[in-house]
Amino acid sequence: MYDPAQLRTFLAVAETLSFTQAARRLGVRQSTVSQHVRRLEDATGRPLFTRDTHSVELTQDGEAMLGFARTILSAHERAAAFFTGTRLRGRLRFGASEDFVVTRLPEILESFRREHPEVDLELTVELSGTLNTRLEAGRLDLILAKRRAEESGGEPVWRDTLVWIGAPKLRLDPDRPVPLIVFPPPGITRARALEALEAHGRAWRIACTSSSLSANIAAARAGLGVMAHTRGLVPPGLTQLPARAGLPDLGEVDFVLRTGRPRGPAQEAADALAAAILAGGVRLHRPG
């Protein structure tokens, strides 16, 4: 009833909320993306997106279609793999940013392992800067990490806004340095926080530093200070600081997939996992 090509296009638009970015991801023209979405909406008899010249949003029926589309495509891929007799094998060294500890990435990895049981998946959780260094050194095959919005390189998964977060009862004294909870260098959020405060002329001090996201969250919940964090992944027990706190804007950050230089089976496994992450990208916006 539903064309797999149209479903893949629908997922690309749903994950990027942009017809232009979806076309770039799929390697097709924007008119093709619009045509696929229109035909899928004709097939369902329901609008799946609300869109104007500035924004694209999923409708309630579009949200429902997300689950159906993933299920249909997953069954389609399993059937294709069964009848072609292709099975992925080999070792895949995958690195993920600390940010994904509290998301549904484990569900995507579990599904990948179930689909490809003969792939030996090695997971490294580290800071984005460290992951990039290891990828360039040939020590990782694929990474899912942060990138400054103004930078290039990698396959975009989604873009989010960096915000200041802290304990709900935390109050900052405007006459004292801002107490910061940060990752050690080369953390991207650390660098962005310090740059923004320096540009704003606001004094700061390091109240806590740890390479563990869980440790930094615990420090923030205890009221030790504030963190720069992605708005879509604010951990439970913490909240975005209001504008009256007087802290500067932090801008946006991209989450991207980057592939190293794997060969043979590792390349095929890296491509398959990248496709699974892109297909399940919406789940990465939500806490696990």
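Refer to the structure presented above.
Cut-off values and rules
Every residue gets a number counted from 1 within its own chain, in the order that chain's sequence is written. Confidence filtering applies because this is a predicted model: local features only for residues at pLDDT of at least 70, side-chain atom pairs given and counted only at 80 or more, and all residues used for totals across whole chains, interfaces and linings. Excluded from the side-chain calculations are hydrogens and water; all other atoms, namely the structure's heavy atoms, are used. In this description, a line fitted to the C-alpha atoms serves as the axis of each element, helices being fitted only across the stretch in contact, and the angle between N-to-C directions of two axes falls anywhere from 0 to 180 degrees. Strands here mean DSSP runs of E at least two residues long; helices mean DSSP runs of H or I at least four residues long; both are numbered from the N terminus. Our angle categories are set so that under 35 degrees counts as roughly parallel, over 145 as roughly antiparallel, 65 to 115 as roughly perpendicular, and the remainder as oblique. Contacts are assigned to residue pairs that have any heavy atoms within 4.5 Å of one another. Polar here means any residue outside two lists: the nonpolar Ala, Val, Leu, Ile, Met, Phe, Trp, Tyr, Cys and Pro, and the charged Asp, Glu, Lys and Arg; Gly therefore counts as polar. Think of a nonpolar core as a cluster: buried Ala, Val, Leu, Ile, Met, Phe, Trp, Tyr and Cys residues, connected wherever their side-chain atoms sit within 4.5 Å. The buried label goes to any residue with under 20% of its type's maximum accessible area, the exposed label to any with over 50%, and the partly exposed label to all in between, with areas taken from a 1.4 Å probe on protein chains only. Crossings are classed by handedness, with left-handed meaning an anticlockwise turn of the near helix from the far one by less than a right angle and right-handed meaning a clockwise turn. Salt-bridge detection follows one rule: a side-chain nitrogen of Lys or Arg within 4 Å of a carboxyl oxygen of Asp or Glu. Just so you know, the count uses Lys and Arg for positive and Asp and Glu for negative, and it drops His and the chain ends. Detection works on a 1 Å grid of protein atoms alone, calling trapped sets that fit a 1.4 Å probe cavities and calling open sets with protein on both sides within 12 Å along at least five of seven lines pockets, with lining residues defined by an atom within 4 Å of a point. Grid points are joined across faces, edges and corners, and a volume is the space filled by probe spheres set on the points. Paired strands are those between which DSSP finds at least two bridges. The path from the first strand over the helix to the second decides the hand: if it runs clockwise while the strands point away from the viewer, the crossover is right-handed. Pairs were defined over the aromatic rings of Phe, Tyr and Trp, the Trp ring being its six-membered one, requiring ring centres within 6.5 Å. Orientation was assigned from the angle between planes: stacked under 30 degrees, edge-to-face over 60, tilted for the rest.

Q: When you look at the packing of helix 1 (residues 4-16) against helix 3 (residues 30-44) in this model, what are you seeing that I'm missing?
A: Any two packed helices are characterised by the angle at which their axes cross and by the distance between the axes. The interhelical angle for the contact between helix 1 and helix 3, taken along N-to-C directions, is 110°, at an axis separation of 9 Å. Accordingly, the angle class assigned to the pair helix 1 and helix 3 is roughly perpendicular. Residues Ala 5, Gln 6, Leu 7, Thr 9, Phe 10 and Val 13 of helix 1 pack against Val 33, His 36, Val 37, Arg 39 and Leu 40 of helix 3. A per-class count over the contact of helix 1 with helix 3 returns seven nonpolar, three polar and one charged.

Q: Is there a simple way to explain the nonpolar core in this structure?
A: Nonpolar side chains tend toward joint burial in soluble globular proteins. With 41 residues, the main nonpolar core has Phe 94, Trp 164 and Leu 273 as its most contacted residues. Looking at this core element by element, the count peaks at six residues for helix 9 (residues 265-279). Residues contacting Trp 164, with those up to four places away along its chain left out, are Leu 180, Ala 193, Leu 197, Val 226, Met 227, Ala 228, Thr 239, Gln 240, Leu 241, Leu 247, Pro 248 and Leu 250. Formed by 20 residues, the second largest nonpolar core is a distinct cluster that contains Phe 10, Leu 11, Ala 12 and Val 33.

Q: Honestly, the packing of helix 1 against helix 2 (residues 19-26) in this entry has me stumped. Any pointers?
A: Direction vectors running N to C along helix 1 and helix 2 enclose 125°, while the axes themselves pass 8 Å from each other. Relative to helix 2, the element helix 1 lies oblique. The two elements helix 1 and helix 2 cross, and the hand of that crossing is right-handed. Residues Arg 8, Thr 9, Ala 12, Val 13, Glu 15 and Thr 16 of helix 1 form the contact with helix 2, whose participating residues are Phe 19, Gln 21, Ala 22, Arg 25 and Leu 26. Its residues assigned to classes, the contact of helix 1 with helix 2 shows five nonpolar, three polar and three charged.

Q: I keep staring at the pattern of salt bridges and nothing clicks. Help me out?
A: Pairing of side chains with opposite charge becomes possible as their charged atoms draw close. Here the structure, examined in full by the defined rule, presents 13 salt bridges. Note that Arg 46 is salt-bridged to Asp 61, the shortest N-O span being 3.0 Å. With Arg 46 in the loop between helix 3 and strand 1 (49-51) and Asp 61 in helix 4 (residues 60-84), this pair connects stretches of sequence that are 15 residues apart. Take Asp 61: its relative accessible area is 29%, and that puts it in the partly exposed class. Notably, a salt bridge pairs Lys 146 with Asp 99, separated by 2.6 Å at the nearest N-O pair. Remark: Asp 99 occurs in the loop between strand 3 (90-97) and helix 5 (105-115) and Lys 146 occurs in strand 5 (residues 142-148); sequence separation between them is 47 residues. Each of Arg 147, Arg 159, Glu 252 and Asp 254 takes part in a single network of salt bridges with overlapping partners.

Q: Mind showing me how you'd approach the side chain of Arg 190 here?
A: Tracing the backbone through its elements, the reader meets Arg 190 in helix 7 (residues 188-200). One buried charged side chain, Arg 190, makes no salt bridge at all; its nearest oppositely charged neighbour is Glu 195, positioned 9.8 Å away. Look past the residues within four positions of Arg 190 in its chain and what remains in contact with it is Val 182, Phe 183, Pro 184, Pro 185 and Thr 209.

Q: I'm lost on empty space enclosed by the protein in this one. Help?
A: Any space left empty among the atoms is revealed by the rolling of a water-sized probe across them. Applying the stated criterion across every chain yields a total of three cavities of 30 Å³ or more. Approximately 50 Å³ is the volume attributed to the largest cavity. What lines the largest cavity is Ile 181, Val 182, Phe 183, Thr 189, Arg 190, Asn 216, Met 227 and Ala 228. For the lining of the largest cavity, the elements supplying multiple residues, two or more each, are strand 7 (178-182), helix 7 and strand 9 (227-230). Residue composition of the lining of the largest cavity, grouped by class: five nonpolar, two polar and one charged.

Q: Hey, could you run me through the pairing of strand 8 (residues 204-209) in this one?
A: On a regular strand, each side chain points to the face opposite its neighbour's, so the side chains alternate between the two faces of the sheet. Pairing analysis gives five bridges linking strand 7 to strand 8, with the strands arranged parallel. If you follow Val 178 over to strand 8, its bridge partner there is Trp 204. Chirality of the crossover, the property in question, places the unit of strand 7, helix 7 and strand 8 among those that are right-handed.

Q: Sorry, what's going on with the packing of aromatic side chains here?
A: For any two aromatic rings, the description comes down to two numbers: the centre-to-centre distance and the angle of the planes. Here the structure, examined in full by the defined rule, presents three aromatic pairs. Taking the centre distance of 5.4 Å and the plane angle of 50° together, the rings of Phe 10 and Phe 49 count as tilted. On the criterion of sequence distance, the pair formed by Phe 10 in helix 1 and Phe 49 in strand 1 is long-range, its members being 39 residues apart. Across the pair, exposure class does not vary: Phe 10 and Phe 49 are buried alike. Judged by its relative accessible area of 4%, Phe 49 is buried. One aromatic cluster is present, formed by Phe 10, Phe 19 and Phe 49 through successive ring pairs.

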